[in-house]
Amino acid sequence: MTVNETREKPKGGKRGIWPALALFFVAPLVAEFLLGNLPIRLVPALVVLAPMYGGGALLIREVVRRTGGGWARILVLGMAYAILEEAFTTQSLFNPNYLKLNLGLLAPAYVPSLGIGAWWTLWMLMVHGIWSISTPIALIEACVPDRARTPWLGRVGLGVVAVVFLFGVVTTTLMGYRQDHFMASIPQFASAAIVILLFILLAFKVPVMRRDAATRPAPSPWLLGLVSLAFASAAMLVPMRWGWGAVAALLALIFGMLLAVAAWARKGEMGLAHQLALGAGAALAYGWHAFLQHPAVGGLDRSVRVGNATFLAGAITLILLAAKRIEWANRGAAAA
């Protein structure tokens, strides 16, 4: 997502905890439940998942909005989050038999010298950068158009979120290690830490695209949403058994989507409706694909599909609410 943005100073009375709380819980719901990775009966696991996913998304969102960054910064920091979670918390980037599930995640496009699977590493960067972090932020910001570009928390609140996030990371790490005593090597941990640092440095080197008040609006958000849904759905359907072919296919989809968004941006200013369209397309791809997969935990029964339908309906409701809020905001601006 590369929606044109400028830094906006927080306005008096415009901070509020409700958007922050919404993002805190929507992030894990998208990351694990809308995806279909966890069944609806495990919703109580949000107690552990929200501090990590929600805390991470909220921290990234607040830091980016405070520093005047745009969507490129959010995406890159989302990839830094991906490495943190998958290299340190779950260690799935290095574990050949993650949680002893016999999934063979590292086998496709395996790189012996690094002890990683190129397909799984790239997929995790996409999953967390796009879906776990960027998509929830895009949806919740769209629900509060008057506060979409301003911080939602003060310094104390930001500090609390940082502590909660650290708690989530530590707790999840300990729980995972209790189930699987795999431990990556020191060089692997060190390399992952360096990559995280490089992603963070890159995020703050990415130039911010500035708005031009004279430019015309970009083409239809509806069409952009369909393009986002198509690209995200295609990514979900790339078989891991293709190995390096799967890596090539994912890279092609990534650059194809970036080129599509860049083309929209060249034709006019991309606003909050376009941001919602991109987030909606990604969320709906997760939602429909959940019906095709087996949950990572537990068996496949009727309650699983009921849960898939429930979370998809929830995502659609959130998208419609955001669209209505944007419409109201635009009418108010036009009337003024």
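Residues numbered from 1 in each chain as written. Predicted model: local features only at pLDDT ≥ 70, side-chain atom pairs only at ≥ 80, totals over all residues. Heavy atoms only, no water.

**Concerning the overall build of the protein chain**
From N to C terminus, the protein chain includes ten helices and two strands. Secondary structure elements of the protein chain occur, N-terminal to C-terminal, as α-α-α-β-β-α-α-α-α-α-α-α. In summary, the protein chain has a C-alpha radius of gyration of 19 Å against a globular reference of 20 Å for 336 residues, a match within 12%. When its C-alpha atoms are laid out on the principal axes, the protein chain stretches across 60 × 40 × 40 Å. Across the 336 residues in the protein chain, those meeting the buried criterion constitute 51%. Taking as baseline every contact in the protein chain between residues at least 6 positions apart, the subset at least 24 positions apart corresponds to 81%. Carbon and sulfur atoms provide 71% of the accessible area of the protein chain, an area that totals close to 15,700 Å². (Helix = DSSP H or I, 4+ residues; strand = E, 2+ residues; numbered from the N terminus. Rg over C-alpha atoms; globule rule 2.2 N^0.38 Å. Buried < 20%, exposed > 50% of the residue type's maximum accessible area, 1.4 Å probe, protein only. Contact = heavy atoms within 4.5 Å. Areas by Shrake-Rupley, 256 points an atom, 1.4 Å probe, with all protein chains shown as cover.)

**Things to note about helix α8 (residues 244-267)**
The terminal C-alpha atoms of α8, which comprises 24 residues, lie 35 Å apart, in line with the 34 Å expected from a rise of 1.5 Å per residue. Burial in α8 covers these residues: Ala 246, Val 247, Ala 249, Leu 250, Leu 253, Met 257, Ala 260, Val 261, Trp 264 and Ala 265. Those residues of α8 hidden inside the fold are in contact with α4 (118-143), α7 (221-237) and α9 (272-289). (Expected span 1.5 Å × (residues − 1).)

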